[in-house]
Amino acid sequence: MRSILQHIACGLLVFVHSTVGQSNTLGLGDGFLSFNTSTFAVQLVKDSQTLYSLTTVDGGFNFIPTDMMSERANNENYHLGDITFRARTVGSTTWTSGDTSASRVKLTASAVSGTTKAAANLAPTLPRGSLLNITRRWVVDDNVLQLLFDVTNSQTTAVEIGSLGAPLEFNNIFTDRTAAQTNTLCSLFDPYIGQDAGYVQVTPLLGTLPPLVVLPVGQSPLEGWRFLPESTALTPFYQSQTFEGLYEWDFHTLAYAEDEWASTTPWNAPTSFVLQPGQTRTYGLQFLVAPSIREIESTVASVGQPVAVTIPGTILPADQVGKVFLNTNATVANITVSPAGALTWVTNTDAQTAGWHGYTITPHTWGRSRLSVTYSDGRLQTIHYYVTNGATAALDDLGSFLTTSQWYTDTSDPFHRAPSVISYDRSVNQQVTNDPRVWIGGLGDEAGSGSWLAAAMKQFVQPDAAEVAKLEQFVNQTLWGTIQNRNNATVKMSVFFYQPDLVPNYVYPSNEDWTVWWSWNQASAWATGRGYDYVHVTAAYWAMYRVARNYPSLVSVHDWQWYINQAVLTVATLTDGQVGYADDGLMGETVIHYLLSDLQREGLTANATLVESRMKSRWQIWSTERYPFGSEMAWDSTGQEGVYIWSTFFNDSTTAINALNSIIAYQPVVAHWGYNGNARRYWDNIYGGKLMRIERQIHHYGSGLNALPLIENFEANPTDYYLLRAGFGGLSGPLTNIDEGGFASASFHSFADTLAWDAYSGDYGPNFSGHSMGMGTFIINHPDFGWQAFGGNIVATSPAVQVQIKDSVRRRVFIAPLGALLSLDAGAFSTVSYNPSAKTVTVTITPVADGASGAASAPVGRLVISQTAAVAGVGLLKPTTSLATDAGAFVIPFTNGVGTVTLS
């Protein structure tokens, strides 16, 4: 919404302290120290010896916000080279703090020689009486830039270091930049919080430029990842939609774990370190450039640091096994799990390449778990997992919760919200009907439509008779008529509003603040100009079309033709020139691509032509732009999905690859469930969360939606396994949002003092929408790890590769060596057997997926076969026996509850 953007861009929506430190203390006016490595041209601020510029020699990309430095030259503005700590004498219970940004004083440069390019003792800029004596050195060792801190105990008694952290500042500031400037100048950075194997990757937004990789030097583990509070009062508006903020690499975290983090479980076990009198320990970071984002892991391995590759990722449903492959120069000395018994492991012989060591991981306990690997050289690596309920059972739980606990039935409601699937607050186990952000209880926007959207898309992949009956009521009574106007098919932004004079008998809670701009009156709430809302409505109709078409006995109000026509009508209204943002990429609009395909399969030529022509008009606009990823925000990760889908459809590979590369820049691959495949989102808790703050969100809807282009491009390029890893990580993310009882949270809070799921259901729906459209089982023959299945369990590899299909949807199987995509409109894949020599595939299909206790049985299996990639010597798979067809699908009858078909 434009009003939202105006509030954020002006820095008005902030939720942390806004004290402004003393200004202009960084010392920019006194000049800089400059030196070069073979990789970087380096500039330090002379007075503070903090990093001012870090520019690649080959390409000239600067990772530091040099052009914003004059606006960030105050006390309490963090820069790369600063350090924070908490320490106490052994025996004391009170920590004393130090922070070089708090009260800057000009430093006296130390004499340097050899590999040291700049050095200074930090005592002048730390509090008097600090227990630690710290000297910072900038070193170039074997042409690698290093930042080192020599930490000395100058006391006569032992000193315990309870926390020690190095703030990281990179150019993630979008404030006052054009789209071109943002995309060409800025980066995003994410951690692998993996202790001695940890690192930080800094990826330029274009997705094509070499990324920066920050690695530990010596014993400098990435134990914690802490958001750094700063003033939010002045430009460039720290902790806002245009400047997410900065983070700190924490070497030790015990002092935080005893205080601010005491109510949560940190990512890693908190540690401290005791320095004896006169003892010095050096902590440090080194800065490397990887050739590409896909080569970050090989760059990490090149310096001898352990690397973990997880398959299918670090999110494991209880009925699937995982694999982890470790690349290390040392041997594995010990592996432990926390909580005890949450995971078990055995070695495997899958690795095909020297240097890799494979382990099979079996999940046991729901929730977060940590695999800790100790190597023979003493280094510790942690791999962070999340275990969910069995994949199909999790969807079963979700559908049940949405249509029971979240089923709203108050027919006296003056806003006519009943019947519907409405937002929910898990912290009090109540429906949300009166949040001042009116769309949350108003069935609109992403945060209000999220629950009914998830309920509808759940029926697409796993229809349940009782749930479908309720969705029919919602669609035909509330969606069509209240949310969507029956006279012109426009879609309201919210059906709930704040205007007491219009609803005199409705009691708005007096303990809420109804004076903020988002407490819309009726005219604002019932505005129909927000294009994003139309996609969610389209998806609901389309999902019900799929149910009515393939499970006709489950519907009673309308036939499938009505539902698909309603979807077309909504798309036509979206694109009639009267709706805002219609020419932007819209979150979840892959469903329109599915709709178009179904229209073509059904022979509904006029409607197919209409939808295709409207999408072509949008693509033609994007094809003329370098950065066609606009949205209602200054920078966003929502438009890339639609831009990619339609550019690919209309054979515009340039625009499609630009969108794909943009996604690769903000959707990392690391051995941590929270960050692996987690597309960048950081402001949506303001509009959909219960805990309202700007922060890096974990598995918000960007994960599921941005995974769709990654997976589709992998299916077109079936040896690009990086895309599969990133995409499958994103598709798996929405499973973690579903708790043991079926409630789905909008996102997980990543700040170290919280590390918990938000209490609101919020805008989970688009995340699940992406999951439902993209999840499947992907069978590959990896050059390093051999035969693997993302979403399934491989039970044999010779003479045929036999796979148990275990993903949550059971509707899509991709066999990478054949470039073949098998899809079901009805039924569930159970097993797939692929014979590489004969190039034959045998699939078994069941009427309902195992584990989905409430799901309806399909009357027949309906199989669609596609060739998504050209593979030498391989053509389109076809059934070896004659099968009836219907709308492009092979009809597979069930005999004794199973349908079997062989393809060649």
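That block above? That's the structure.
These notes cover the structure that comes with them. All of these numbers come straight from a predicted model, not from anything done at the bench. (Residues numbered from 1 in each chain as written. Predicted model: local features only at pLDDT ≥ 70, side-chain atom pairs only at ≥ 80, totals over all residues. Heavy atoms only, no water.)

### With respect to the overall build of the chain
So, point 1. Within the chain, the regular secondary structure consists of 19 helices and 43 strands.
So, point 2. Expected size for 904 residues packed as a compact globule is a radius of gyration near 29 Å; at 28 Å, the chain falls within 12% of this value.
So, point 3. The principal-axis extents of the C-alpha atoms in the chain amount to approximately 85 × 75 × 55 Å.
So, point 4. Looking at the chain residue by residue over its 904 residues, the buried ones come to 65%.
So, point 5. Across the chain, every contact between residues at least 6 apart in sequence was considered, and the portion connecting residues at least 24 apart equals 68%.
So, point 6. Summing over all exposed atoms, the chain offers an accessible surface of approximately 28700 Å²; the carbon and sulfur share of this is 50%.
So, point 7. On the chain, the mean spot of the 47 positive side-chain charges and the mean spot of the 72 negative ones are 3 Å from each other. (Helix = DSSP H or I, 4+ residues; strand = E, 2+ residues; numbered from the N terminus. Rg over C-alpha atoms; globule rule 2.2 N^0.38 Å. Buried < 20%, exposed > 50% of the residue type's maximum accessible area, 1.4 Å probe, protein only. Contact = heavy atoms within 4.5 Å. Areas by Shrake-Rupley, 256 points an atom, 1.4 Å probe, with all protein chains shown as cover. Lys, Arg positive; Asp, Glu negative; His and termini not counted. Charge placed at Lys NZ, Arg CZ, Asp CG, Glu CD.)

### Some points on the sheet that holds strand β29 (residues 697–698)
So, point 1. With respect to topology, 3 strands assemble into an open sheet ordered β29-β30-β31, the strand pairing being antiparallel. Every other strand in the sheet has two partners, leaving β29 and β31 (756–757) as the edge strands with one partner each.
So, point 2. Note: strand β30 (residues 748–749) against β31, 2 bridges, orientation antiparallel. The partner of histidine 749 across the bridge, within β31, is alanine 756. (Pairing = 2+ DSSP bridges.)

### Details of the packing of aromatic side chains
So, point 1. Per the stated rule, a full pass over the model turns up 64 aromatic pairs.
So, point 2. Summarising the aromatic geometry, the rings of tryptophan 249 and phenylalanine 251 are spaced 6.4 Å apart at their centres and angled 50° between planes, so their arrangement reads as tilted. Side by side, tryptophan 249 and phenylalanine 251 carry an identical accessibility label, which is buried.
So, point 3. Joined through ring pairs, the aromatic side chains of Phe170, Phe189, Trp225, Phe227, Tyr238, Phe243, Tyr247 and Phe751 make up one cluster.
So, point 4. The ring of tryptophan 526 is capped by lysine 492, whose NZ or CZ atom sits 5.1 Å from the centre of that ring. (Phe/Tyr/Trp six-rings, centres within 6.5 Å; stacked < 30°, edge-to-face > 60°. Lys NZ or Arg CZ within 6 Å of the ring centre and 35° of its normal.)

### Side note on the sheet that holds strand β1 (residues 32–36)
So, point 1. Strands sit in the order β1-β2-β3 across an open sheet of 3 strands; the sheet is antiparallel. Lying at the two open borders of the sheet, with one neighbouring strand each, are β1 and β3 (51–56). Here the average twist between neighbouring strands, direction ignored, is 15°.
So, point 2. For strand β2 (residues 40–45) and β3, the ladder comprises 5 bridges, and the chain directions are antiparallel. Paired with phenylalanine 40 across the two strands is threonine 56, which belongs to β3. (Axes fitted to C-alpha atoms, helices over the stretch in contact; angles between N-to-C directions.)

### Concerning the pairing of strand β38 (residues 828–835)
So, point 1. Inspection of the sheet shows strand β35 (residues 801–805) paired to β38 by 4 bridges, in the antiparallel sense. Directly across from valine 801, in β38, lies its bridge partner tyrosine 834.
So, point 2. Sheet topology note: the β38/strand β39 (residues 840–846) ladder contains 7 bridges and is antiparallel. By the bridge assignment, threonine 831 is partnered in β39 with threonine 844.
So, point 3. The hairpin turn running from β38 into β39, its antiparallel successor, is 4 residues long, and lysine 839 in that turn takes a positive phi close to 55°.

### Considerations on unusual backbone geometry
So, point 1. Looking along the chain, the bond that leaves isoleucine 311 and enters proline 312 is cis, with omega of 0°.
So, point 2. By the secondary structure assignment, proline 312 is in the loop between β17 (307–311) and β18 (315–317).
So, point 3. In this structure, the amide linkage connecting serine 338 to the following residue, proline 339, adopts the cis form with an omega of -5°.
So, point 4. Its place among the elements puts proline 339 in the loop between β20 (332–338) and β21 (343–348).
So, point 5. For aspartate 176, which is not glycine, the phi dihedral falls at a positive 60°.
So, point 6. Residue position: aspartate 176 is located in the loop between β9 (159–168) and α2 (179–185).
So, point 7. Positive phi is not limited to glycine here, since glutamine 195 has a value of about 60°.
So, point 8. Glutamine 195 sits in the buried class, given a relative accessible area of 5%.

### So, the pattern of salt bridges
So, point 1. Applying the stated criterion across every chain, the model contains 42 salt bridges.
So, point 2. Its salt-bridge partner being arginine 810, residue aspartate 319 comes within 3.8 Å of it at the nearest N-O pair. Within this pair, whereas aspartate 319 is found in the loop between β18 and β19 (322–327), its partner arginine 810 is found in the loop between β35 and β36 (812–815), the two being separated by 491 residues in sequence.
So, point 3. A relative accessible area of 1% places arginine 810 in the buried class.
So, point 4. The partner of glutamate 632 in a salt bridge is arginine 530, with the nearest N and O atoms 2.6 Å apart. Residue glutamate 632 is found in the loop between α13 (605–622) and α14 (639–649), and its partner arginine 530 is found in the loop between α9 (522–525) and α10 (531–550); the two are separated by 102 residues along the sequence.
So, point 5. Note on glutamate 632: relative accessible area 7%, which makes it buried.
So, point 6. Taken together, the shared-partner salt bridges in this structure form one network comprising Arg546, Arg549, Asp598, Arg601, Glu602, Asp825, Arg862 and Asp886. (Salt bridge = Lys/Arg side-chain N within 4 Å of Asp/Glu carboxyl O.)

### Notes on helix α11 (residues 560–574)
So, point 1. Here α11 spans 21 Å end to end across 15 residues, near enough to the 21 Å set by a 1.5 Å rise per residue.
So, point 2. Taken across its 15 residues, α11 has 12 buried, putting it largely inside the fold.
So, point 3. Regarding α11, the residues found buried are Trp560, Trp562, Tyr563, Ile564, Gln566, Ala567, Val568, Thr570, Val571, Ala572, Thr573 and Leu574.
So, point 4. Along its buried surface, α11 packs onto α8 (465–479), α10, α12 (590–601) and α13. (Expected span 1.5 Å × (residues − 1).)

### Brief notes about the nonpolar core
Side chains of nonpolar character tend, in soluble globular proteins, to be buried together.
So, point 1. In terms of nonpolar packing, the biggest core is built from 274 residues, with Trp138, Phe170, Phe287, Trp452, Leu822 and Val841 touching the most fellow members.
So, point 2. Among the elements that take part in this core, α10 stands out by supplying 13 residues, more than any other. (Core = buried A, V, L, I, M, F, W, Y, C linked by side-chain atoms within 4.5 Å.)

### Side note on the packing of α8 against α10
So, point 1. Packing of α8 against α10 leaves a shortest axis separation of 11 Å and a crossing angle of 140°. Here α10 runs oblique to α8, going by the angle between their axes. You can see that α8 and α10 cross each other, and the crossing is left-handed. Taken together, the residues of α10 that come into contact with α8 (itself represented by Val468, Leu471, Glu472, Val475 and Leu479) are Val537, Ala540, Tyr541, Met544 and Val547. (Parallel < 35°, antiparallel > 145°, perpendicular 65-115°, else oblique. Left-handed = near helix turned anticlockwise from the far one by under 90°.)

### Topic: the environment of valine 803
So, point 1. Tracing the backbone shows valine 803 in strand β35.
So, point 2. When its relative accessible area of 2% is taken as the criterion, valine 803 is described as buried.
So, point 3. Ignoring any residue separated from it by four or fewer positions in sequence, one finds valine 803 in contact with Thr777, Ile779, Ala789, Gly792, Asn793, Ile794, Ser830, Thr831 and Val832.

### Some details on helix α7 (residues 445–461)
So, point 1. Over its 17 residues, α7 extends 23 Å from the first C-alpha to the last, a length consistent with the 24 Å expected when each residue adds 1.5 Å.
So, point 2. At serine 451, α7 shows its maximal bend, which comes to roughly 40°.
So, point 3. Within α7, 17 of the 17 residues are buried, which leaves the element mostly enclosed by the surrounding structure.
So, point 4. One side-chain oxygen of the residue at the start of α7 lies 3.3 Å from the amide nitrogen of alanine 447, identifying that residue as aspartate 445. (Bend = angle between axes of the 7 residues up to and from the residue. Polar contact = N/O pair within 3.5 Å; in protein donor to acceptor, adjacent residues only side chain to side chain.)

### Thoughts on the environment of leucine 168
So, point 1. Mapping leucine 168 onto the fold places it in strand β9.
So, point 2. As for leucine 168 and phenylalanine 189, which are separated by 21 residues in sequence, their C-alpha atoms are 9.3 Å apart.
So, point 3. Setting aside chain neighbours within four positions, we find leucine 168 in contact with Leu80, Phe189, Val200, Trp225, Leu246, Tyr247, Glu248, Trp249 and Leu285.

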